[in-house]
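Examination of the molecular architecture
This is what each chain is made of:
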Amino acid sequence: MKLILSLLLLTLISQHILAQQNFDTVNIRPVKVVENLYMLKGSGGNIGVFFGKDGTLMIDDQFAPLSNKINGAIKTLDPGEIKFLINTHLHGDHSGGNENFKKMGITIVAHDQVRERMLTEQKSSRGTAPPRDKDALPAITFADKLNFHLNEEDIELIHFDKGHTDGDVIVHFKKANVYHTGDAFVRYGYPFIDLSSGGSLNGFVNTLDKLLLLLDDNSKVIPGHGELATKADVKAVRDAMADIRDQVTAALKKGKKPEEITALNITDKYEAAYGKGFLKGKDFVLMAAESLAVKK
Ligand SMILES: [Zn+2]
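Heads up: these notes are all about the structure in this document. Here the structure is a predicted model, which means the values were calculated and not measured.

1. Here we look at helix α2 (residues 67-77)
- Looking at α2, one finds that the buried residues are Ser67, Ile70, Asn71, Ala73 and Ile74. The arc that holds the buried residues of α2, viewed along the axis, is 160°, so those residues lie on one side. In α2, those exposed residues whose orientation departs by more than 90 degrees from the buried face are Asn68 and Thr76.

And the structure:
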């Protein structure tokens, strides 16, 4: 039993790293969301694919070594030309294939800050990313909102606030009532707030509050990572993060230091639901304290 447990633990710890290394063994699996709109799972962030007579629009592209497999999977769903690629944010597990897709003649679209940050070296608690190649850069960028009218669908790209990063974009397929959230909403456990890329816990909660105003009980949500979700799933994450945020804020106001706040066991009741990801409750509280201390 002990061996099984430690093997399981090892698997969980190494899952993230392994997922990024064994690209040869990665399969790209399509999951139908609604007619002509799919989620592709492989390694890295969930990909969205929307196709029709005007051409194909894809959202995020995982890691560069997977580009051919991803392109193949998309062409199996629909042979039409891929015209647009949206990056929900700058991270490499969502934009790693940009160079490859740009070389196929696809136009990359993202928030202003995604392009800005791709131009320079990015440091975070998870490592250093060098400036991206020119071919990886988005050709079209925007600050708050951008609309696509494609395949008789109205698609709105929305930047609500600084949350996971300062360049987060949520993609809303209005007629289909489908959303792709990028890492503004994830299902792998505690969310990662990338403070060095302008992320903010207050902004993260604010983003989910604004998203919840748009969602209804029939909405389908493609998260940045994890399985398809509903409004109730988004609400649960929003409530947990707001509760942790409020408790950490209160402790900071009392003059407590981040290390003292981690000893308050604020996240104990959330460990079962959120502790299985790469962040543990204490890591998340430290991240929250850091984010809230700088008042963003
Ligand atoms: Zn990310």
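2. A closer look at the sheet that holds strand β2 (residues 37-41)
- With respect to topology, seven strands assemble into an open sheet ordered β1-β2-β3-β4-β5-β6-β9, the strand pairing being mixed. Edge strands, defined here as strands with exactly one partner in the open sheet, are β1 (29-34) and β9 (140-142). Averaged over all adjacent pairs, the angle separating strand axes in this sheet is 20°, with direction ignored.
- Of the strand pairs in this sheet, β1 and β2 are connected by five bridges, and their pairing is antiparallel. Bridge pairing in β2 links Val31 to Met39.
- Strand contacts of α2: β1, β2, β3 (47-50), β4 (56-59) and β5 (82-86), with the helix running at about 150° to β2, the strand carrying the most contacts.

3. Topic: the pairing of strand β11 (residues 153-158)
- Burial analysis of β11 places five of its six residues in the buried class, the great majority of the element.
- As defined by bridge partners, strand β10 (residues 145-150) adjoins β11 across six bridges and the pair is classed as antiparallel. Considered in β11, the bridge of Leu146 is made with Leu157.
- Here β11 pairs with strand β12 (residues 170-173) via four bridges, running antiparallel. When the sheet's bridge partners are listed, Ile155 is paired in β12 with Phe173.

4. Things to note about the pairing of strand β6 (residues 107-111)
- Within β6, four of the five residues are buried, which leaves the element mostly enclosed by the surrounding structure.
- Bridging between β5 and β6 involves three bridges; their strand directions are parallel. Residue pairing in the sheet places Ile86 in a bridge with Val109 of β6.
- Bridge count between β6 and β9: three bridges; the pairing is parallel. Its bridge partner being in β9, His111 is matched across the sheet by Phe142.

5. Focus: unusual backbone geometry
- One non-glycine residue with positive phi stands out, namely Asp60, at about 70°.
- Accessibility expressed as a relative area gives 0% for Asp60, which makes it buried.
- Of note, Asn151 is a non-glycine position whose phi angle comes to about 50°, a positive value.
- With relative accessibility at 13%, the residue Asn151 sits in the buried group.

6. Brief notes about the coordination of the zinc ion
- Coordination sphere of the zinc ion, protein contribution only: His89 (NE2), His91 (ND1), His164 (NE2) and Asp183 (OD), at 2.2 to 2.3 Å.
- Summarised as a motif, the one-chain spacing of the donors to the zinc ion is H-x1-H-x72-H-x18-D. With His89 in the loop between β5 and α3 (92-95) and Asp183 in the loop between β13 (178-180) and α6 (201-214), this residue pair connects regions lying 94 residues apart in the sequence. Of the two residues, His89 and Asp183, neither departs from the other in class, the shared state being buried.

7. Overview of the packing of aromatic side chains
- The tally for this structure, following the rule as stated, stands at nine aromatic pairs.
- Measuring from centroid to centroid gives 5.3 Å for Tyr190 and Phe284, while their planes differ by 20°, and the two rings are stacked. Of this pair, Tyr190 sits in the loop between β13 and α6 while Phe284 sits in helix α10 (residues 281-293), and the two are 94 residues apart along the sequence.
- The exposure class of Tyr190 is buried, given its relative accessible area of 1%.
- Residue classification places Phe284 among the buried positions, given a relative accessible area of 1%.
- Taken together, a centroid distance of 6.2 Å and an interplanar angle of 65° make the contact between Tyr270 and Tyr274 edge-to-face.

8. Structural notes on the side chain of His91
- Checked against the element boundaries, His91 lands in the loop between β5 and α3.
- Within polar-contact distance, the side chain of His91 engages the side chain of His89 at 3.2 Å.
- If we ignore the near neighbours within four places in the chain, the residues touching His91 are His164, Thr165, Asp183, Phe192, Asp194 and Ser197.

9. Topic: the sheet that holds β13
- Taken in spatial order, the five strands line up as β10-β11-β12-β13-β14 in an open sheet, and their pairing is mixed. On the outer flanks of this sheet lie β10 and β14 (220-222), each paired with one strand and no other. Each neighbouring strand pair of the sheet contributes to a mean axis angle of 20°, computed without reference to strand direction.
- Summarising the sheet, β13 and β14 pair through three bridges and their orientation is parallel. When the bridges of β14 are listed, Val178 appears paired with Lys220.
- Packing of α6 onto the sheet brings it into contact with β11, β12 and β13, and relative to β12 it is tilted by some 0°.

Cut-offs used in this document
Residues numbered from 1 in each chain as written. Predicted model: local features only at pLDDT ≥ 70, side-chain atom pairs only at ≥ 80, totals over all residues. Heavy atoms only, no water. Buried < 20%, exposed > 50% of the residue type's maximum accessible area, 1.4 Å probe, protein only. Helix = DSSP H or I, 4+ residues; strand = E, 2+ residues; numbered from the N terminus. Arc of directions from axis to C-beta. Pairing = 2+ DSSP bridges. Axes fitted to C-alpha atoms, helices over the stretch in contact; angles between N-to-C directions. Contact = heavy atoms within 4.5 Å. Donors = N, O, S within 2.8 Å, 3.2 Å for Na, K, Ca; no water. Phe/Tyr/Trp six-rings, centres within 6.5 Å; stacked < 30°, edge-to-face > 60°. Polar contact = N/O pair within 3.5 Å; in protein donor to acceptor, adjacent residues only side chain to side chain.

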